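Observations on chain architecture
Read off the chains here:
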Amino acid sequence: MIMLKELINFVDASFPSIPYGEKEEAKRAIKQFEKTGETVNYLYRDILPELSQGDILSEVPFLFYDSDGTANRLKAKAMVINTSCHIENKSFLTLVPVFSLTQMETCVDAVKSNKIYELMYIPDIKLREYYIDFSMPVTYSVKLIKEQIDKGRIQRIASLSQIGYYLLLIKLNIYLMRREDPDTMEQRKEALC
Amino acid sequence: MKLNSITSTVAIAAIYIATLSSSNGTNLDLQLLEQDITPIYEQYIHNANVSIPAVIPNNSSMVSYDKQLIKKNALIEDISNEIFGEMRYLTPEENEKKIDMYRKMSTVVEGASFFD
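This report concerns the structure included in the present document. What you see is a predicted model, and the numbers here were worked out from it, not measured in a lab.

1. Brief notes about the overall build of chain B
The helix and strand inventory of chain B stands at five helices and one strand. Helices (α) and strands (β) of chain B occur, in sequence order from the N terminus, as α-α-α-α-α-β. Across the 116 residues of chain B, 46% fall into the buried class. Within chain B, contacts between residues separated by at least 24 positions form 35% of all contacts whose residues are at least 6 apart in sequence. With the model as given, the accessible surface of chain B reaches about 6400 Å², and the carbon-plus-sulfur share is 54%.

2. Thoughts on the overall build of chain A
Along its length, chain A carries seven helices and seven strands. Counting helices and strands in the order they occur from the N terminus, chain A gives α-α-β-β-α-β-α-β-β-β-α-β-α-α. For chain A, the proportion of its 193 residues judged to be buried stands at 48%. The long-range share in chain A, meaning contacts at least 24 apart out of those at least 6 apart in sequence, stands at 65%. Total accessible area on chain A is roughly 10000 Å²; 51% of this is exposed by carbon and sulfur atoms.

3. Digging into a nonpolar patch on the surface
Taken together, the side chains of Leu63(A), Tyr65(A), Phe114(B) and Phe115(B) make up a nonpolar region of the molecular surface, amounting to roughly 460 Å² of accessible area. Tracing the chain through its elements places Tyr65(A) in strand β1 (residues 56–65).

4. Details of the packing of aromatic side chains
Using the criterion set out here, one finds four aromatic pairs over all chains in the structure. Aromatic ring contacts, followed pair by pair, group Phe99(A), Tyr131(A) and Tyr102(B) into a single cluster.

5. Quick word on helix α5 (residues 142–151) of chain A
All names here are of chain A. Every buried residue of α5 is accounted for by Val142, Ile145 and Gln148. When α5 is viewed along its axis, its buried side chains cluster within an angular range of 135 degrees and face the same direction. What points out from α5, more than 90 degrees from its buried face, is the exposed set Lys143, Asp150 and Lys151. Those residues of α5 that are buried are in contact with β1, α3 (84–89), β3 (92–100) and β6 (138–141). The residue sitting at the N-terminus of α5 and contributing the capping side-chain oxygen is Ser141; that oxygen lies 3.1 Å from the backbone nitrogen of Lys143. Downstream of α5 by a residue or two, Gly152 has a phi angle that is positive, lying close to 85 degrees.

6. Some thoughts on the side chain of Thr106(A)
Assignment of secondary structure puts Thr106(A) in the loop between β3 and α4 (108–112). Residues within four places of Thr106(A) in sequence aside, it is in contact with Glu94(B) and Lys97(B).

7. Details of the pattern of salt bridges
This structure, assessed with the given rule, holds eight salt bridges over all chains. Across the pair Arg103(B) and Glu96(B) runs a salt bridge, and its minimum N-O distance is 3.1 Å. Using a relative accessible area of 41% as the deciding quantity, one classes Glu96(B) as partly exposed. Close ionic contact of Asp100(B) with Lys104(B) constitutes a salt bridge, the shortest N to O distance being 3.6 Å. Of the two residues, Asp100(B) and Lys104(B) are both situated in helix α5 (residues 92–105); the distance of four residues between them amounts to about one turn of the helix. Judged by its relative accessible area of 30%, Asp100(B) is partly exposed. Relative accessible area serves as the criterion here: at 65%, Lys104(B) is assigned to the exposed category. Residues participating in the shared-partner salt-bridge network are Asp66(A), Glu96(B), Asp100(B), Arg103(B) and Lys104(B).

8. Regarding the environment of Val109(B)
Within the fold, Val109(B) resides in the segment after β1 (107–108). A relative accessible area of 22% means that Val109(B) is categorised as partly exposed. Contacts of Val109(B), omitting those with residues within four sequence positions, involve Leu63(A), Ala71(A) and Arg73(A).

9. Observations regarding the nonpolar core
In terms of nonpolar packing, the biggest core is built from 31 residues, with Phe62(A), Leu95(A), Val111(A) and Tyr131(A) touching the most fellow members. Of all the elements in the fold, those that place two or more residues in this core are β1, β2 (71–80), β3, α4, β6 and α5 of chain A together with α5 of chain B. Membership of the second largest hydrophobic core comes to 23 residues, among which are Leu127(A), Phe134(A), Ala158(A) and Ile163(A).

10. Details of the pairing of β1(A)
On a regular strand, one side chain projects to one face of the sheet and the next to the other, so that they alternate. Residues and elements named next belong to chain A. Note: β1 against β2, eight bridges, orientation antiparallel. Following the sheet pairing, Pro61 is matched in β2 by Lys75. Connecting β1 to the antiparallel partner β2 that follows it, the hairpin turn spans five residues, and Gly69 within it adopts a positive phi of roughly 90 degrees. Inspection of the sheet shows β1 paired to strand β7 (residues 156–158) by two bridges, in the antiparallel sense. Bridge pairing in β7 places Ile56 opposite Ala158.

Reading the values: the criteria
Residues numbered from 1 in each chain as written. Chains lettered and ligands numbered in written order. Predicted model: local features only at pLDDT ≥ 70, side-chain atom pairs only at ≥ 80, totals over all residues. Heavy atoms only, no water. Helix = DSSP H or I, 4+ residues; strand = E, 2+ residues; numbered from the N terminus. Buried < 20%, exposed > 50% of the residue type's maximum accessible area, 1.4 Å probe, protein only. Contact = heavy atoms within 4.5 Å. Areas by Shrake-Rupley, 256 points an atom, 1.4 Å probe, with all protein chains shown as cover. Patch = residues over 30% accessible without salt bridge, like charges linked within 9 Å, V, L, I, M, F, W, Y side chains within 5 Å. Salt bridge = Lys/Arg side-chain N within 4 Å of Asp/Glu carboxyl O. Phe/Tyr/Trp six-rings, centres within 6.5 Å; stacked < 30°, edge-to-face > 60°. Arc of directions from axis to C-beta. Polar contact = N/O pair within 3.5 Å; in protein donor to acceptor, adjacent residues only side chain to side chain. Core = buried A, V, L, I, M, F, W, Y, C linked by side-chain atoms within 4.5 Å. Pairing = 2+ DSSP bridges.

The following block contains the structure:
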């Protein structure tokens, strides 16, 4: 586990920013890590003490409005995407659904390779048959969810490990903050004048 | 997932988090929403992750910050493409199949339509 530990330290030490020149250092660290052939645990060995960002919950209702205006409700496992600090201090919680991959008819390989912007795959035995869909969030009262957990009506299935947490952040960033198309960027610049 | 894919995920995570994260991001966002933007912005100019308000002139350091952010985002996307392979959205056909799958799993909520 030495190399993994070093890698984690490397990532931690890189906050909050890293000079562009260190890209090569990052790659070198990864290559060293790769040589060790270690298994990466994306999930924490148990669940974290408190409800945290990236936690996977048992089934809750999700709602989406279809193109004809109808409201569709379905149940799915859920991932908490708010920061742990937010969960502690704010009233509402944003959950995104976790669906079974077995029902997915297309692009399963692309999903498993995390190549789809809006979908996330966690390569862990507990979740290997599931994917997370960032495109269909729902909002709940934090109090409600915590109470339901306390009552046992909602179970916390898994928490992310440090590496899993980094994977979540990277996927959220790619999904929400990837560069815009040049036309839109130009239009924004025009608005400055 | 193959080992190289796993390690690649770690690699991109390392680079991505390192390049985009801001230790003051959350608090700063709140400050920007709640206070006058201009006076408080400058101290965070290299350390925040916010968009440029329309009132900021072109010669402001906020614009240079924006360029820096764009550069970082572009770098990150390039690296992610290099490691994950070319990333993409679901195609319209794949997306329609996905939504259809969700429809089949759903029940219509009567009386909940807002758009009649």
